[in-house]
Amino acid sequence: KAGVTQTPRYLIKTRGQQVTLSCSPISGHRSVSWYQQTPGQGLQFLFEYFSETQRNKGNFPGRFSGRQFSNSRSEMNVSTLELGDSALYLCASSLVGVYNEQFFGPGTRLTVL
Amino acid sequence: AQSVTQLDSHVSVSEGTPVLLRCNYSSSYSPSLFWYVQHPNKGLQLLLKYTSAATLVKGINGFEAEFKKSETSFHLTKPSAHMSDAAEYFCVVGYSSASKIIFGSGTRLSIRP
């Protein structure tokens, strides 16, 4: 069974730009969640999608948004990038939801200059 | 309030000696508890999970954890450390009733030759 894949693996953007990250979950998994990881703040939950609906949301500004498609693939968008958005963005998929076992992708390393 | 505390930000042990990574949680609900490991520049991998069955949980790579409800603890142990165990370890608490997840701040495990 293929694991969770994330594209691209690395991104360099400049302040003010926007970026879209993609995540393909394990086949059959309907829950996809996104996390931001930085040295200062650690791992922070962004949001969870389940069957194309946002089910949970963390404490991030509206510049961070996401969506999920009918095939469970998910995208995360960050608009008006700030230097502080530089981070490793992790996607995870699960059969039932964030509160149960999750399988993580390798992450997308975003650098904002 | 729901929270999870990893008591040590950094643990250093010699190869072949026991490992103890400590985790305490606070909750008025019955949570699911997980330990994940993250190797440098990689996503998180599930080590083990507790979901109200046996209180002693065995995971991959020789790790195990004991759920102690009276102490609200879920400490991770391994009898003999290996160089490949050097990584960041996260204690995670999941609440199905709230469809919520909380990550600990992580413990970096270093192994001395």
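Predicted, not measured: the structure shown is a model, and the values here were computed from it. (Residues numbered from 1 in each chain as written. Chains lettered and ligands numbered in written order. Predicted model: local features only at pLDDT ≥ 70, side-chain atom pairs only at ≥ 80, totals over all residues. Heavy atoms only, no water.)

To continue, consider the sheet that holds strand 3 (residues 19-24) of chain A. Residues and elements named next belong to chain A. Ordered by their spatial adjacency, four strands build an open sheet running 1-3-8-7, and the pairing between neighbours is antiparallel. Edge positions in the sheet fall to strand 1 (5-7) and strand 7 (64-68), since each has one partner strand and no second. Going across the sheet, the axis of each strand differs from the next one's by a mean of 20°, ignoring polarity. As paired elements, strand 1 and strand 3 share three bridges and run antiparallel to each other. (Pairing = 2+ DSSP bridges. Helix = DSSP H or I, 4+ residues; strand = E, 2+ residues; numbered from the N terminus. Axes fitted to C-alpha atoms, helices over the stretch in contact; angles between N-to-C directions.)

Below, the discussion takes up the packing of aromatic side chains. A complete count under the given rule lists 13 aromatic pairs over all chains for this structure. Relative to Y36 of chain B, the ring of F104 of chain A has its centre 5.4 Å away and its plane inclined at 80°; by these criteria the two rings are edge-to-face. With F104 of chain A in strand 10 (residues 103-104) and Y36 of chain B in strand 5 (residues 32-38), the pair connects residues from two separate chains. For F104 of chain A, a relative accessible area of 11% translates into the label buried. Summarising the aromatic geometry, the rings of F63 of chain B and Y89 of chain B are spaced 5.5 Å apart at their centres and angled 45° between planes, so their arrangement reads as tilted. Here the residue F63 of chain B occupies a position in the loop between strand 7 (56-58) and strand 8 (64-68), and Y89 of chain B occupies one in strand 10 (residues 87-95), the gap between them amounting to 26 residues. Exposure class is identical for F63 of chain B and Y89 of chain B. Each is buried. (Phe/Tyr/Trp six-rings, centres within 6.5 Å; stacked < 30°, edge-to-face > 60°. Buried < 20%, exposed > 50% of the residue type's maximum accessible area, 1.4 Å probe, protein only.)

Attention shifts here to the interface of chain B and chain A. Each side of the interface is counted separately: chain B has 19 residues, and chain A has 19 residues. Buried surface at the junction of chain B and chain A, summed over both partners, amounts to about 1500 Å²; 57% is from carbon and sulfur atoms. Contact with chain A buries surface across chain B, with S99, I101 and F103 of chain B losing the most and accounting together for 33% of the total. At the boundary of chain B with chain A, the tally comes to one salt bridge. Between E101 of chain A and K49 of chain B there is a salt bridge; the shortest N-O distance is 3.1 Å. At the boundary of chain B and chain A, one finds three residue pairs in polar contact (both at pLDDT 80 or more). (Contact = heavy atoms within 4.5 Å. Buried area = accessible area lost by both parts, 1.4 Å probe. Salt bridge = Lys/Arg side-chain N within 4 Å of Asp/Glu carboxyl O. Polar contact = N/O pair within 3.5 Å; in protein donor to acceptor, adjacent residues only side chain to side chain.)

For the rest of this paragraph, the subject is the nonpolar core. Grouped together as the largest cluster of nonpolar side chains are 28 residues, with contacts concentrated most on W35, L48, F74, L76 and Y89 of chain B. Among the elements that make up this core, the one with the highest residue count is strand 10 of chain B (five residues). Discounting chain neighbours no more than four positions away, the residues touching F74 of chain B are C23, L33, F34, W35, L48, Y50, V57, A65, E66 and F67 of chain B. If you look at the next biggest cluster of nonpolar residues, it comprises 21 residues, including V4, F60, C91 and V112 of chain A. (Core = buried A, V, L, I, M, F, W, Y, C linked by side-chain atoms within 4.5 Å.)

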